[in-house]
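# Descriptive analysis of the structure
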Amino acid sequence: MAKTDRSVARDGDERIAGSERTAFAVLVAGLVLAPFFFYPPFLMEGLCFALFACAFNLLIGYVGLLSFGHAMFFGLAAYVSAHAAKVWGLQPELALGLAVAAAGVLGLVVGFLAIRRQGIYFAMITLALAQMIYFFCLQAPFTHGEDGIQAVPQGKLLGLFDLAKAWVLYGTTLVVFLSAFVLIYRIIHSPFGEILKAIRENETRAISLGYNAERYKLAAFILSAGLAGLAGGMKAIIQQSASLTDVYWTTSGEVVLMTLLGGLGTVFGPVVGAFLVVAIQQYLSQQGQWVTVIQGAIFVACVLAFRRGIIGELAHTIRKPL
Amino acid sequence: MVTLSPQALFSQLLIGLINGSFYALLSLGLAVIFGMLNIINFAHGAFYMMGAFCAYFLLHAFGLNYWVALVVAPLMVGLVGTVVERTMLHRLAGLDHLYGLLLTFGLALIIQGLFQNYFGSSGLPYAIPSQLTGAQNLGFMVLPNYRAWVVVFSAAVCLATWFMIERTRLGAYLRAATENPELVRAFGINVPRMITLTYGFGVALAALAGVLAAPILQVRPTMGENFIIVVFAVVVIGGMGSILGSILTGFALGVIEGLTKVFYPEASNTVIFVVMAIVLLIKPQGLFGRGT
């Protein structure tokens, strides 16, 4: 077992391609320079959703599990961090920590139930459980129902950095996003990640090689849920609010769309997809339900003609992983 | 414990049965479509809503009454379904099943968004047909005629569908094509056309539920969006292996939901999801399901 793991790890390390290093450098440079050109709140919302989409992609792209209820982790974590910061007066890092923990625990429970079924059933179960969490949030007193939690204090990160200052907030968001991005990259290319991919490709074979597929899937699910929680917790602190929208099925659908548009199972795709979808929303925010119609049309177009997504197509063209 | 009036209990039971009728019609359609096309039709809730709107337009634009709508609306929406299958779903054959879910999810967003743009989110009233107004006093409860009609008619449609699939020659072709489409084609049966019609039929069942629901729930663009998620839970609970199983699960869960409204109303929104979680713990493949 140990021997196999090490050899898999070496295979994994060899795959950190130059194309990925270049793309990462471009991403970091772009995000550092972006506040000079774009409205920072838009960028920060984009970063939160990018992290959310990367967390979602960890499941669909590398384990082959389509969770149609990821908003439950994102939304619940947003409520937890907003509540912790506002009512309990916790510092932002503690509020975020609690949010991640809450999402992780919920991920454990939901994952335990959902991995009992596969494929389409898995998607329906996660969607149904997410709807249950939505109704819970609608009725539970601490979420304040339709009003949501508003005017969340941003506080001082580690007691030092005042998040009420725009550039500090952006810098913090960027650091959190990049750390989580690198973590996800490491997970994908670790021996653990290789086993996940093996399960995605051929579960029966992975089991016959002695891997407990269910346990690996559950671990991946919890990781994905926790990271989605980090994204939700960040969003609550950045926008100073948590609302029912964050936990509704439309948000689950949006994260699927972001990942699909950017490219399922690509490292950078979810980031590109997230920024595009958030940009479309901002651009069309005055146009009523046309946002929904356009999102639906993108879904249809992606599935019918464009299944690799933007970054997937690009990677296919240059024949290198991205 | 609160003291219960039998009146309240029976009226909630009846509401439960009505919701159960809609669950049964929708989950039946999902099961039939899944059997042939191997996709889960996320647009089912949108087609249900379209059925209700179709009835509304037939009445207000063309003066065609409820009874005409009961036949024409499912046919029209079913026709839309066959076009969707021919132009889009058809092209997903051989791909991962999840793409069918994603495509139909996109369709649901488009349909619902368009209706919301033109009709807002408020409900449009649809009158109960004159033949079915009024109510029967059964002594222990007052039974509105229209509600009794919905339950009886839905049950009849469900049973007729079951009979068609399990007991007729056409149904035998259908079941055979579900098991092994290549072999059935080799016998000279036009399987692609059968797949298209099956999708149209499943969608028509959803539209029929929409027409039935119009006088009770009002006609609104969002009427299908949360409903379909509950129906998904119903499908997970029942498993899609059995036609009769889908019907029974639909009605039973409607009743359970109705009873929850009486005894513990706070949980009435979530009870079906809780039942789903319990079923997943005890019998992961669903009550009537087979395989994964």
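Residues numbered from 1 in each chain as written. Chains lettered and ligands numbered in written order. Predicted model: local features only at pLDDT ≥ 70, side-chain atom pairs only at ≥ 80, totals over all residues.

### Quick word on the overall build of chain A
- Helix and strand counts for chain A come out as 14 helices and two strands.
- Over its C-alpha atoms chain A spans a radius of gyration of 19 Å, differing by no more than 12% from the 20 Å that the globule rule assigns to 322 residues.
- If one aligns the C-alpha atoms of chain A with their principal axes, the spans along those axes are about 50 × 45 × 40 Å.
- For chain A, the residues scored as buried account for 52% of the 322 residues in total.
- Taking as baseline every contact in chain A between residues at least 6 positions apart, the subset at least 24 positions apart corresponds to 77%. (Helix = DSSP H or I, 4+ residues; strand = E, 2+ residues; numbered from the N terminus. Rg over C-alpha atoms; globule rule 2.2 N^0.38 Å. Buried ≥ 20, exposed ≤ 12 C-beta atoms within 10 Å, placed from the backbone. Contact = placed C-beta atoms within 7 Å.)

### Notes on helix α4 (residues 71-86) of chain A
- In this model α4 of chain A runs 22 Å from its N-terminal to its C-terminal C-alpha over 16 residues, within 8% of the 22 Å that 1.5 Å per residue would give.
- For α4 of chain A, the tally of buried residues reaches 16 of 16 residues, placing the bulk of the element in the interior. (Expected span 1.5 Å × (residues − 1).)

### Things to note about the interface of chain B and chain A
- In this complex, chain B contributes 33 residues to the contact, which on the side of chain A involves 34 residues.
- At the level of secondary structure, the elements contributing two or more residues to the side of chain B that touches chain A comprise α4 (97-119), α9 (227-238) and α11 (271-282) of chain B.
- Looking at the side of chain B that touches chain A, the element that brings in the most residues is α4 of chain B, giving 16 residues.
- Residue composition of the side of chain B that touches chain A, grouped by class: 22 nonpolar, nine polar and two charged. (Nonpolar A, V, L, I, M, F, W, Y, C, P; charged D, E, K, R; others polar.)

### Observations concerning the nonpolar core
- With 210 residues, the main nonpolar core has Leu51 and Ala128 of chain A together with Ala207 of chain B as its most contacted residues.
- Discounting chain neighbours no more than four positions away, the residues touching alanine 128 of chain A are Ile229, Phe232, Ala233, Val236, Phe273 and Met276 of chain B. (Core = buried A, V, L, I, M, F, W, Y, C linked by C-beta atoms within 7 Å.)

### Let's talk about the environment of valine 80 of chain B
Residue and element names in this part refer to chain B.
- For valine 80, the position within the fold is in helix α3 (residues 66-87).
- Look at valine 80 and you get partly exposed, because 18 C-beta atoms sit within 10 Å.
- Between the C-alpha atoms of valine 80 and alanine 204, which are 124 residues apart in sequence, the distance is 9.3 Å.

### Side note on α11 of chain B
- Helix length check: α11 of chain B, at twelve residues, gives a terminal C-alpha distance of 17 Å against a target of 16 Å (1.5 Å per residue), a fit within 8%.
- For α11 of chain B, the full list of buried residues reads Ile272, Phe273, Val275, Met276, Ala277, Val279 and Leu280 of chain B.
- Elements in contact with the buried residues of α11 of chain B: α5 (92-114) and α6 (119-139) of chain A together with α9 and α10 (243-263) of chain B.

### Quick look at the confidence of the model for chain B
All names here are of chain B.
- Per-residue pLDDT for chain B has a mean of 90; in total, 98% of the residues score no lower than 70.
- Across chain B, the secondary-structure element scoring lowest on mean pLDDT is strand β1 (residues 135-137), at 84, and the one scoring highest is α3, at 95.
- Reported for the predicted complex are a pTM of 0.91 and an ipTM of 0.90. (pLDDT = per-residue confidence, 0-100.)

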